[in-house]
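Chain residues, written in single-letter form:
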Amino acid sequence: MSYLVAAPVLIPMLAGALSLVAWRSHMLQRALAVLGTGALLISAILLMIEVANEGIQVTEFGGWPAPMGIVFVADWLSVLMVLLTGITGLAAAIFSLPGTTLRMEHAGYYALLHVLLAGVAGAFLTGDVFNLYVWFEIMLLASFALLAMGGERAQMAGALKYVVLNLISSAIFLTAIGLLYGLIGTLNMADVAVKVAALESSDRVTVIATLFMIAFGIKAAAFPLFFWLPASYHTPPVAVSALFAGLLTKVGVYALYRFFTLIFTADVGFTHEVLKWVAVFTMLSGVLGAAAQFEFRRILSFHIISQIGYMILGLALYTPLAVAGGVFYLAHHIIVKANLFFISGATYHLRGSHDLSRLGGLWKTHPWLGVLFLIPALSLAGVPPLSGFWAKFIVIKAGVALDEWLVVAAALLTGLLTLYSMMKIWMEVFWKATPPETAELRGVRPPAAMTMVIVALSVLTVLIGVIAEPVWQLAAAAADQLLDPRAYIEAVLPESAQ
Amino acid sequence: MAVWLAITVGGLYGCAFYMLMRRSITKTLIGLILLSNAANLLIFVAAGLTEAQPALIPADSYLPEPGTADPLAQALILTAIVIGFGVLAFAMALIYRAHEVLHVDDFDALKDADE
């Protein structure tokens, strides 16, 4: 039993509580934001080392053995996601430092940031279905408050759509939990997997699986339930957008990966076939939606959707190569997408607008920012040797191996259109001359904290691309564990091994 | 009893989705409230109903007597009610604030407000 498994949840919880205690002191709150997220990142790295050395880690809360008590389980996928949570959290905290107004700090901005991270880490680590629901709600409530903070017109409209659709998704999730519990009488994920596999008929399980698919599909912004995302993600402060874009939808994707490899594998011909077409339409509708947009963060929001399609595709193809590709995609996407949002924040700082028609001329004044934009932008489009190329390459290779030509064609087309969108941003924001109505050089350069975050994430993107082998090994190890859940089940329920 | 409760649950879901499909934001909130109650009641029914068998363990025993009510389902519902209450309270405050800012009670009127 290891308390380290709970640390990525306990640290942000504690930091959030301390932030509330330090309500009056802005210095303390800011220090806590960086220290807390930094400690989260360190705990994630330590946990990863432990998982590498000793295999899957399990913590039983209150000493109640599974399946009676609630467990936290850290396998390769969980620990990788927690590590990415730490990286994005730290980046968002540092990026927030120069831009956050006193008013937002008074509204509890940093405390909410910590609670959001605790919810995300809890969702990644928990081994109990109902506990996953609770972490989802913690995460959602924090995100609701962060989204609506400020109370501007656009934020209110965005937040309303976001809140309503996420509450519907939560209710469907709860319905699915109720039916699952009624059917097999347990909610521990490993125990559920054992009992579902032992059922004679899989009809009712498939119904419940579909309910879970809808609930997680809404949270992951998959076709056709993605409309809340582009309506809301461009409205909050940039650091919040980046955190949402990097992490929140990925929690839905993670839940899909967990449930549709561990529990609902009885009727792969139906569930994963549905997922496959969902993935194809998600990719295409996201990228086509982006082509019609002319607002920096809205374009990026639509691209989140199309990229979610690739990740779901990795799961839907359901071969070791495809699932490993999907995991690789998750890792690459979180870093790249958060970085692109951060860059939109830097350009906003320089030009005071997110509207592409009002931006321009940045290549002349800030060429280094242009280079820093090109790295994640080209990576998102899948240009070698950046991280996105390998992610797309693996998923598409898995599709070719299965002779899924239609799917492969959709994936390639999406990549091409992504390149078009990224070039559109590049031409409008950096290449064209500054429009006359826009004041040139509002600030001479973005604050050092912003630059630091963008440079660090860009370097990480290049590193994942150039030295792809270790990340690939990690993704492959995660995929092996997902596709052969015996190790997971044995770690949680030692007595079932006999 | 289970049949009647099941029909009630179905009715609640029906009403909830009917309300959610309205354009009025206030009615949508009512739909969400109905939906969360429907889900709670569904867990209650799905976990199995027992009558006149409280989940108490006799003083000299370690386990409850067979056939007693399942306490876990009730714990789940209690948690879900508390979470649902918090989230819906926030949604209500948000809708109130949104009405102050936007002066509309119609989702269709929000189409351009987020730009």
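As a reminder, the structure under discussion sits directly above these lines.
The numbering scheme is per chain: residues are counted from 1 as the chain's sequence reads. Think of it this way: whatever chain is written first is A, whatever ligand is written first is 1, and the rest follow in order. Whole-chain, interface and lining totals are the exception, using all residues; otherwise, since this is a predicted model, local features are given only for residues with pLDDT of at least 70 and side-chain atom pairs are given and counted only at 80 or more. Derived side-chain values reflect all non-hydrogen atoms in the structure, with water molecules and hydrogen atoms excluded from consideration.

Participant: If you had to explain the overall build of chain B to someone new, which residues and values would you point to?
Facilitator: Strands are runs of DSSP state E lasting at least 2 residues, helices are runs of H or I lasting at least 4, and numbering of each runs from the N terminus. A count of helical and extended segments in chain B gives three helices and zero strands. In sequence order, the secondary structure elements of chain B are arranged as α-α-α. This radius of gyration counts C-alpha atoms alone. The globule rule is 2.2 Å times how many residues there are, raised to the power 0.38. Computed over its C-alpha atoms, the radius of gyration of chain B comes to 20 Å, more than 25% above the 13 Å expected for a compact globule of 115 residues. When each of the 115 residues of chain B is scored for burial, the buried share is 35%. In what follows, residue pairs with any heavy atoms lying within 4.5 Å of each other are defined as contacts. Within chain B, counting contacts between residues at least 6 apart in sequence, those at least 24 apart form 56% of the total. For every accessible area listed, the method is Shrake-Rupley and the probe measures 1.4 Å; residues are considered covered only by the protein chains on display. For chain B, the exposed surface amounts to about 6,900 Å²; the carbon and sulfur share of it is 68%. Here the term buried applies to any residue with accessible area under 20% of the maximum for its type, exposed to any over 50%, and partly exposed to those in between, with areas from a 1.4 Å probe on protein chains only.

Participant: Just give me the short version of the nonpolar core, but keep the residues and values in it.
Facilitator: The nonpolar side chains of a soluble globular protein tend to be buried with one another. Residues and elements named next belong to chain A. Only buried residues count toward a nonpolar core, which is a set of Ala, Val, Leu, Ile, Met, Phe, Trp, Tyr and Cys residues joined through side-chain atoms within 4.5 Å. Grouped together as the largest cluster of nonpolar side chains are 222 residues, with contacts concentrated most on F173, F212, F259, F342 and F373. If one sorts the elements of this core by residue count, helix α11 (residues 238–263) sits on top with 19 residues. Residue contacts for F342: discarding those within four places in its chain leaves A91, A92, F95, V238, A239, A242, V453, I454 and L457.

Participant: Describe the side chain of A:E137, and please don't skip the residues or the numbers.
Facilitator: Within the secondary structure, A:E137 is located in helix α6 (residues 129–148). Counted charges follow a simple rule, with Lys and Arg positive, Asp and Glu negative, and His plus the chain ends left uncounted. Only one rule defines a salt bridge in this text: a Lys or Arg side-chain nitrogen within 4 Å of an Asp or Glu carboxyl oxygen. As a buried residue without a salt bridge, A:E137 has its nearest oppositely charged side chain in A:K219, at a separation of 4.7 Å.

Participant: A description of empty space enclosed by the protein should follow, citing residues and the corresponding values.
Facilitator: Any empty space left between the atoms is revealed when a probe the size of a water molecule rolls over them. In this analysis the probe radius is 1.4 Å and the grid spacing 1 Å, with only protein atoms considered; a cavity is a set of points the probe fits into but cannot get out of, a pocket is an open set with protein on both sides within 12 Å along at least five of seven lines, and lining residues have an atom within 4 Å of a point. Grid points are joined across faces, edges and corners, and a volume is the space filled by probe spheres set on the points. Tallied over the entire structure, the rule returns five cavities of 30 Å³ or more. In this structure, the largest cavity spans a volume of roughly 160 Å³. Every residue lining the largest cavity is counted, 15 residues in all, and those nearest its centre are A:Y133, A:L167, A:S170, B:S36 and B:G84. Residue assignment for the lining of the largest cavity shows that the elements contributing at least two residues are α6 and α7 (153–184) of chain A together with α2 (25–46) and α3 (71–102) of chain B. Among the elements that line the lining of the largest cavity, the one with the most residues is α3(B), at five residues. Taken as a whole, the second largest cavity encloses approximately 60 Å³ of empty space. Surrounding the second largest cavity, A:F136, A:M139, A:L140, A:Y162, A:N166, A:K219, A:W228, A:Y233, A:L248 and A:T249 form its lining.

Participant: Can you break down the side chain of A:H332 residue by residue, with the values?
Facilitator: Residue and element names in this part refer to chain A. Tracing the chain through its elements places H332 in helix α14 (residues 320–351). Only 3.4 Å separates the side chain of H332 from the backbone nitrogen of G388, close enough to count as a polar contact. Among residues more than four places away in sequence, those in contact with H332 are S379, L380, S387, G388 and A391. Polar contacts, as used here, are pairs of N or O atoms within 3.5 Å; protein pairs need one atom able to donate a hydrogen and one able to accept it. Residues neighboring in sequence count only if both atoms are side-chain atoms.

Participant: Break down the interface of chain A and chain B for me, with residues and values.
Facilitator: Counting from both sides, the interface comprises 34 residues of chain A and, opposite them, 35 residues of chain B. Computed with a 1.4 Å rolling probe, the buried area is the accessible surface lost when two parts are put together, summed over both parts. Here chain A and chain B share an interface that buries about 2,900 Å² over both sides, 80% of which is from carbon and sulfur atoms. The largest share of the area that chain A buries against chain B comes from A:R153, A:L160 and A:Y181, three residues that together contribute 21% of it. If you look at where chain A meets chain B, you find zero salt bridges. The interface formed by chain A and chain B includes two residue pairs in polar contact (both at pLDDT 80 or more). Mapped onto the side of chain A that touches chain B, the elements with two or more residues apiece are α6 and α7 of chain A. Element by element, the count of residues in the side of chain A that touches chain B is highest for α7(A), at 19 residues. For this classification, Asp, Glu, Lys and Arg are treated as charged, while Ala, Val, Leu, Ile, Met, Phe, Trp, Tyr, Cys and Pro are nonpolar and the rest, including Gly, are polar. A breakdown of the residues in the side of chain A that touches chain B according to their chemical character gives 22 nonpolar, seven polar and five charged.

Participant: Residue-level account of helix α1 (residues 7–21) of chain A, with values.
Facilitator: Residues and elements named next belong to chain A. A helix's residues, less one, multiplied by 1.5 Å, set its expected span. For α1, with 15 residues, the first-to-last C-alpha span of 21 Å sits near the 21 Å given by 1.5 Å per residue. Within α1, burial applies to A7, P8, V9, P12, A15, G16 and S19. Each element contacted by the buried residues of α1 is listed here: α2 (26–54), β2 (71–74), α3 (76–99), α5 (109–125) and α6.

Participant: Account for the packing of aromatic side chains, naming residues and giving values.
Facilitator: The way to describe two aromatic rings as a pair is by their centre distance and the angle between their planes. Residue and element names in this part refer to chain A. Only the six-membered ring of Trp is used, alongside the rings of Phe and Tyr, when aromatic pairs are assigned; centres must lie within 6.5 Å, and planes under 30 degrees apart are stacked while those over 60 apart are edge-to-face, with the rest tilted. All told, the structure shown has 36 aromatic pairs over all chains when counted by the stated rule. Ring geometry for F389 versus W390: centroids 5.0 Å apart, planes at 65°, classification edge-to-face. Among the aromatic residues, ring-to-ring pairing joins F130, Y133, F136, F173, F212, F216, F259, F260 and F264 into one connected group. Criterion for a charge above a ring: Lys NZ or Arg CZ within 6 Å of the ring centre, and within 35 degrees of the ring normal. K219 extends its terminal NZ or CZ atom over the ring of F136, reaching a point 5.2 Å from the ring centre. Its guanidinium or amino end placed over the ring of Y310, K392 lies 4.7 Å from that ring's centre, counting from NZ or CZ.

Participant: Residue-level account of the pattern of salt bridges, with values.
Facilitator: This structure, assessed with the given rule, holds 10 salt bridges over all chains. Across the salt bridge formed by B:E100 and B:R97, the nearest N and O atoms sit 3.2 Å from each other. In this pair, B:E100 and B:R97 are both assigned in helix α3, three residues apart and thus about one turn of the helix distant. Within this structure, A:E273, A:K276 and A:E404 form a network of salt bridges that share partners.

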